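Residues per chain are reported as follows:
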Amino acid sequence: MSPKQQRMNDDEIATAVAELPGWQVLDGKLLREYVFANFVEAIGFIARAAIWAEKFDHHPEWSNVYKRVRVELSTHDVGGISRLDFQLAQKMNELAGD
Ligand code: H2B
């Protein structure tokens, strides 16, 4: 297992999430809801984020309603949150223009 995939402890998670705008921890996962200008922008974000998820071999749980995209990130292989979740969350913020 790569260091990035190791399960982080609560202190490590709290420190890292404090530096990640818009994200919070809920039920052992990173959570953010993005709100875009319209449905097409939301779907465009999903498409761009999907390419990075595949590149990172790390895949989100997410849902879309109209212009909203709700994202939950955790590392299923370790049953918690790892640096991979923060890497993907950071990339999503970049893609969303944050
Ligand atoms: N995505 C997420 N979110 N968690 C994982 O543990 C995970 C994944 N594992 N994508 C990857 C794929 C693993 O199954 C493959 C074999 O690398």
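Before reading further, recall that the structure is shown in the block above.
The present account deals with the structure reproduced in this document. This one's a predicted model, so the numbers in the text were calculated from it and none came from an experiment.

### What about the site of the ligand?
Part 1 of the argument: With respect to spatial proximity, the complete set of residues near the ligand consists of Asp57, His58, His59, Ser74, Thr75, His76 and Asp77.
Part 2 of the argument: Note that a nitrogen atom of the ligand is positioned 2.8 Å from one of the side-chain N or O atoms of histidine 59.
Part 3 of the argument: Between the ligand and histidine 76, the relevant distance is 3.0 Å, taken from an oxygen atom to a main-chain nitrogen or oxygen of the residue.
Part 4 of the argument: In isolation the ligand offers 390 Å² of accessible surface; the protein chains occlude 66% of this area.
Part 5 of the argument: For the shell around the ligand, the class distribution of residues is no nonpolar, 5 polar and 2 charged.

### Structural notes on the packing of aromatic side chains
Part 1 of the argument: Applying the stated criterion across every chain yields a total of 5 aromatic pairs.
Part 2 of the argument: Linked through ring pairs, Trp23, Tyr34, Phe36 and Phe45 together constitute an aromatic cluster.
Part 3 of the argument: Of note, lysine 55 hangs over the ring of tryptophan 52, and the distance from its end group to the ring centre comes to 4.2 Å.
Part 4 of the argument: In this arrangement the basic side chain of lysine 91 is found over the ring face of tryptophan 52, its NZ or CZ atom lying 3.8 Å from the centre.

How each quantity is defined
Per chain, the residues get numbers from 1 upward, laid out in the order the sequence is written. Since the coordinates come from a predicted model, pLDDT governs what is reported: local features require at least 70, and pairs of side-chain atoms require 80 or more to be given and counted, while whole-chain, interface and lining totals use all residues. Side-chain measures here rest on the full set of heavy atoms in the structure, leaving out hydrogens and waters. Summary of the distance rule: residues count as near a molecule or strand when at least one heavy atom falls within 4 Å of that molecule or strand. Distance and chemistry together define a polar contact, namely a pair of N or O atoms within 3.5 Å, with one atom able to donate a hydrogen and the other to accept it when in protein, and with adjacent residues in sequence counting only for side-chain atoms on both sides. Calculation of accessible area relied on Shrake-Rupley with a 1.4 Å probe; when residues are assessed, cover is drawn exclusively from the protein chains displayed. Residues are grouped as follows: Ala, Val, Leu, Ile, Met, Phe, Trp, Tyr, Cys and Pro are nonpolar; Asp, Glu, Lys and Arg are charged; all remaining types, including Gly, are polar. Any two rings among Phe, Tyr and Trp, with Trp reduced to its six-membered ring, count as a pair given centres within 6.5 Å; such a pair is stacked if its planes are under 30 degrees apart, edge-to-face if over 60, and tilted if neither. Only lysine NZ and arginine CZ atoms are considered, and such an atom sits over a ring when it is within 6 Å of the ring centre and within 35 degrees of the ring normal.

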